[in-house]
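# Report on the structure
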Amino acid sequence: LVLDYPQVSRSLRRIAAGEDPREGQRHCCGGIAQLHEHSLGYMDLDILQKDPQPLIFVITLLKEQPGSPDWISLDLKITPLLLNFCQCKLLEGEYYQVLEHCSSILNKYSDNVKALFKRGRAHAAVWNASEAEQDFSRAVELDPSLAPLVAKELKQLEARIHEKESEDKARFRGIFK
């Protein structure tokens, strides 16, 4: 996680400055993209990226409470970063992390289409077919333009299930004779 810190810190600094944290990124896993660049734009982060060191974080409690306008504003800025993280975890095959983080987003924002779609893909990957179908169905309900993409995901899931059932039948054929 220490290796990810310079990129995360860069994104948070850009957000605090009112800038787009994704500007200049060429890959969903910003840290990977930044390995090919010479500078993150902040000398302290450049040094830390070149020579990772153990980090000590000092956490200051804020007066903002969950549900307060400041809390909601901050949470709305963090959510896209968390969704980007989930996309990276999908690509890495870390499906249970995707399920956890997308569910945390959906507990607050039940109509977040990106979280529904990503969680649906993670459910499909870990054989939770009915949960995947529910998430995909809700995503299409909220954004009908996703219908072709969801149909493709569901077709792939169905093909995987059929393939697994065929393998199971072949594996267990004759076992009870």
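In the block above lies the structure referred to throughout.
Here's a quick rundown of the structure. (Residues numbered from 1 in each chain as written. Predicted model: local features only at pLDDT ≥ 70, side-chain atom pairs only at ≥ 80, totals over all residues. Heavy atoms only, no water.)

## Focus on the packing of helix 6 (residues 113-125) against helix 7 (residues 129-142)
It is at 8 Å that the axes of helix 6 and helix 7 come closest, and there the two elements cross at 155 degrees. Considered as vectors, helix 6 and helix 7 are oriented roughly antiparallel to each other. The interaxial crossing formed by helix 6 with helix 7 has left-handed handedness. On helix 7, the residues that touch V113, L116, F117, R119, G120, R121, H123 and A124 of helix 6 are E131, A132, D135, F136, R138, A139 and L142. Across the contact of helix 6 with helix 7, the residue classes tally to eight nonpolar, two polar and five charged. (Axes fitted to C-alpha atoms, helices over the stretch in contact; angles between N-to-C directions. Helix = DSSP H or I, 4+ residues; strand = E, 2+ residues; numbered from the N terminus. Parallel < 35°, antiparallel > 145°, perpendicular 65-115°, else oblique. Left-handed = near helix turned anticlockwise from the far one by under 90°. Contact = heavy atoms within 4.5 Å. Nonpolar A, V, L, I, M, F, W, Y, C, P; charged D, E, K, R; others polar.)

## Overview of helix 8 (residues 147-172)
Residues lying three or four places apart along an α-helix face the same way, a consequence of the helix completing one turn every 3.6 residues. A rise of 1.5 Å per residue sets the reference length of helix 8, with its 26 residues, at 38 Å; its end C-alpha atoms lie 37 Å apart and thus fit the reference within 8%. Among all positions in helix 8, only V150, E153 and L157 are buried. On its buried side, helix 8 packs onto helix 6 and helix 7. Note on helix 8: the residue one or two positions beyond its end, G174, has a positive phi of about 80 degrees. (Expected span 1.5 Å × (residues − 1). Buried < 20%, exposed > 50% of the residue type's maximum accessible area, 1.4 Å probe, protein only.)

## Some points on a nonpolar patch on the surface
The grouping of F57, I59 and L61 at the surface amounts to a nonpolar patch, some 430 Å² of accessible area in total. As for its position among the elements, L61 is in the loop between helix 3 (43-50) and helix 4 (69-92). (Patch = residues over 30% accessible without salt bridge, like charges linked within 9 Å, V, L, I, M, F, W, Y side chains within 5 Å. Areas by Shrake-Rupley, 256 points an atom, 1.4 Å probe, with all protein chains shown as cover. Salt bridge = Lys/Arg side-chain N within 4 Å of Asp/Glu carboxyl O.)

## Things to note about helix 4
For helix 4, built from 24 residues, the straight-helix expectation of 34 Å at 1.5 Å per residue is met to within 8% by its first-to-last C-alpha distance of 35 Å. Considering bend angle alone, the principal kink of helix 4 is centred on I78 and spans about 25 degrees; proline P80 follows within four residues of it. For helix 4, the complete set of buried residues consists of D75, T79, L83, C86, Q87, C88, K89 and L90. Taken together, the buried residues of helix 4 touch helix 5 (95-108) and helix 6. Phi for G93, located one or two positions after helix 4, is positive at around 80 degrees. (Bend = angle between axes of the 7 residues up to and from the residue.)

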